[in-house]
Amino acid sequence: MGERPDNYRYTQSHEWVAPAEDGTARIGITDHAQSSLGDLVFVELPEVGTSFNAGEQVAVVESVKAASDIYAPVAGEIASVNETLEDAPEQVNEDPFGEGWLFELKLESEEATESLLDAAAYKEVADADD
Amino acid sequence: MAFIPHTEADIRHMLGAVGVENIDDLFDEIDPRLRGVDLSSVPTHADERAITREMHERAARDADGLCFVGAGAYEHHVPAAVWELTTRGEFYSAYTPYQPEASQGTLQVTYEYQTMICGLTGMDVSNASLYDGASALAEAVLMAVRGNRKSRANRILMPASVHPFYRQVATNICANQGIQFETIGFEAASGRADQSALDQWTGEDVTAVVVPQPNFFGVLEDADALTDWAHNNGAFAIGVVNPVALALVSPPGDWGSGDGVDIAVGEGQPLGAPLSGGGPYFGILCCRTKHARQMPGRVVGKTVDAEGETGYVLTLQPREQHIRRSKATSNICTNQGLLVTAATIHMSLLGPDGLQNVAAHSAANTRKLVDKLTTLRGVERVFEAPFFHECALRLPVDSKTALDELASRGIFGGYAIDAHYDALSNVIIVCATETKTNADLEAYATTLADVLDNGKPARRRVSAA
């Protein structure tokens, strides 16, 4: 279900990663994740400049029924965060792969994202949930 | 289902089903050192009649006598209506609400309580409720550690003038979570937190500063200066307050030159709960809106339903088990919910003027008592700073002996604080609330004069243990 851009990479924990050419990657949660969580009411974003290892907790998305940790899919330093979510967390529900992005990482290595799931592999992960 | 959940035969049957000989075998993967809790100080069981008798005997010991003990628990007049209403079946049997919209009456009480506490403290958001003031302080420390993202040190500056039991509880709950407490001493003359001890931490990574008002000695701290120090050093300020005192002294939401403290906590007992030998009490905890998501507990909101009728609903509960799962920090308890109901009814009956009256009379009575007691030879005030309704006095004799002697003559004369502070030998704190008459104050002064004159404690009271 839902769209899954082919040029993005994915994690088992439902984050998507869109690498850019300047060595950064934009990160958000998938359409499957946002629809499972329901209406988001709050997004807690990290501070720009903080570094994270892959798998470390970076952010929190909170819906009316659960608060869920968002993990760093790959290691890197926070380059920017989507501040519009502070006032409009519903953007994540409305446009999870676009306007609802969460933060951008300056990647420690450009190859890091290659080990993540591709769209087809993630489809199997998401389908297994349903 | 039978009242007794399982008989010996049931237990044998169940153990047989899982293939073990006895209960201990079930837990054999747990290190025996962790299992061995020594309960030898707990007496063996007694029958109902023996327990009832014991309780009556103990209650009788509390019943007569004039109480001048404060130290965190205060005897105030509780109008009869408070517990008459609180113990109505509708409140008494209601489980603390988790379903967002269920139990409208209970939710409305919580809503009213939260509104009143925010009004009293000058804070934005209040929960309802924690176990007691001490555990509320521990929760506030954990909130500060989660919420102050500029700080990495997990370092809390804790004045020694904070109630010793609060410090102990906060340390017990937090210390094993990598949080360090640094003690800030107090000025010998004033009894206030020592500003120069605080200044030693200037420029260091400090997560939060605890600001007691009034402090354990009853002394009014310079809460503005402590709050400003915290904020100027990138730390949170956590206020520890007495809710009754807030009717007279400036509320934590106004402290300092900025927006007041970040988190305020306190013991709710003075708002309608009887002393009851130490509990149950309840903790007050409130904060600024920006920290609401770090707050344990739930916030009730008011809305309208599809037909335009007023409805109450749980609006924010981000630290509760069903929202935050393994990272929940909830310490909410149904029993404390009932005490919140009592506090809400108590505050409604008193109103702001009534509460102010209680506070003013308590402060005035304590002043009168202190004036009387300090005319006795050798009895002197320990600290010069202004106090609210409690005051530290040094006695010319052993404080415990004097208090025991007073108790044997029907006067619970105060709390000996020597055990907590090396520098304060033979110091007691005394408290007189609005419940004391001039004759009561006179009775205390006369009896203490007699105890001091006669010196020797004729009938040393035997300890209850």
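All values reported here derive from a predicted model rather than from experimental measurement.

## Observations regarding a nonpolar patch on the surface
All names here are of chain B.
Here's step 1: Side chains of Val18, Ile23, Leu26, Phe27, Ile30 and Leu34 sit close together on the surface and give an oily, nonpolar patch of about 560 Å² of accessible area.
Here's step 2: For leucine 26, the location among the structural elements is in helix α2 (residues 23-26).
Here's step 3: Leucine 26 gets classed as partly exposed once you look at its relative accessible area, which sits at 42%.

## A look at the packing of helix α7 (residues 104-121) of chain B against helix α13 (residues 334-373) of chain B
All names here are of chain B.
Here's step 1: The contact between α7 and α13 brings their axes to 9 Å, and the two run at 40°. Classified by the angle their axes make, α7 and α13 are oblique. Crossing geometry of α7 relative to α13 is assigned as left-handed. Contacts from Val109, Glu112, Tyr113, Met116, Ile117 and Leu120 in α7 reach Val340, Thr341, Ala343, Thr344, Met347, Ser348 and Leu355 in α13.
Here's step 2: Here the contact of α7 with α13 is built from residues that sort into 9 nonpolar, 3 polar and 1 charged.

## Observations regarding the state of the cysteines
All names here are of chain B.
Here's step 1: Inspection of every chain in the model, using the stated rule, returns 0 disulfides over all chains.
Here's step 2: Cysteine 431 provides the cysteine sulfur closest to cysteine 67, a residue in no disulfide bond, and the two sulfurs are 7.7 Å apart.
Here's step 3: Its sulfur unpaired, cysteine 286 is 5.9 Å from the next cysteine sulfur, which belongs to cysteine 118.

## Focus on the nonpolar core
All names here are of chain B.
Here's step 1: Membership of the largest hydrophobic core comes to 44 residues, with the highest contact counts inside it found for Tyr113, Leu157, Val209 and Leu271.
Here's step 2: When contributions to this core are tallied by element, the ones reaching two or more residues are α7, α10 (195-199), β5 (208-213), α11 (223-232), β6 (236-241), β8 (283-287) and α13.
Here's step 3: Among the elements that line this core, the one with the most residues is α13, at 8 residues.
Here's step 4: Setting aside chain neighbours within four positions, we find valine 209 in contact with Leu157, Leu198, Trp229, Ala230, Ala235, Phe236, Ala237 and Ile238.
Here's step 5: The next biggest cluster of nonpolar side chains, apart from the first, holds 33 residues, and it includes Val145, Phe236, Val240 and Ala292.

## Some details on the interface of chain A and chain B
Frequently, the measure chosen for interface size is the accessible area removed from exposure when the parts meet.
Here's step 1: Of the residues lining the interface, 15 residues belong to chain A; the matching set on chain B comes to 11 residues.
Here's step 2: Counting each side, the surface lost to burial between chain A and chain B is near 980 Å², with a carbon and sulfur contribution of 38%.
Here's step 3: Where chain A meets chain B, there are 2 salt bridges.
Here's step 4: Counting every contact that joins chain A to chain B gives 3 residue pairs in polar contact (both at pLDDT 80 or more).
Here's step 5: Put simply, the parts of the chain that give the side of chain A that touches chain B at least two residues each are β4 (40-44), β6 (57-63) and β7 (67-71) of chain A.

What counts, and at which threshold
- Residues numbered from 1 in each chain as written.
- Chains lettered and ligands numbered in written order.
- Predicted model: local features only at pLDDT ≥ 70, side-chain atom pairs only at ≥ 80, totals over all residues.
- Heavy atoms only, no water.
- Patch = residues over 30% accessible without salt bridge, like charges linked within 9 Å, V, L, I, M, F, W, Y side chains within 5 Å.
- Areas by Shrake-Rupley, 256 points an atom, 1.4 Å probe, with all protein chains shown as cover.
- Salt bridge = Lys/Arg side-chain N within 4 Å of Asp/Glu carboxyl O.
- Helix = DSSP H or I, 4+ residues; strand = E, 2+ residues; numbered from the N terminus.
- Buried < 20%, exposed > 50% of the residue type's maximum accessible area, 1.4 Å probe, protein only.
- Axes fitted to C-alpha atoms, helices over the stretch in contact; angles between N-to-C directions.
- Parallel < 35°, antiparallel > 145°, perpendicular 65-115°, else oblique.
- Left-handed = near helix turned anticlockwise from the far one by under 90°.
- Contact = heavy atoms within 4.5 Å.
- Nonpolar A, V, L, I, M, F, W, Y, C, P; charged D, E, K, R; others polar.
- Disulfide = S-S within 2.5 Å.
- Core = buried A, V, L, I, M, F, W, Y, C linked by side-chain atoms within 4.5 Å.
- Buried area = accessible area lost by both parts, 1.4 Å probe.
- Polar contact = N/O pair within 3.5 Å; in protein donor to acceptor, adjacent residues only side chain to side chain.

Function-wise, these values are silent; they only describe arrangement.
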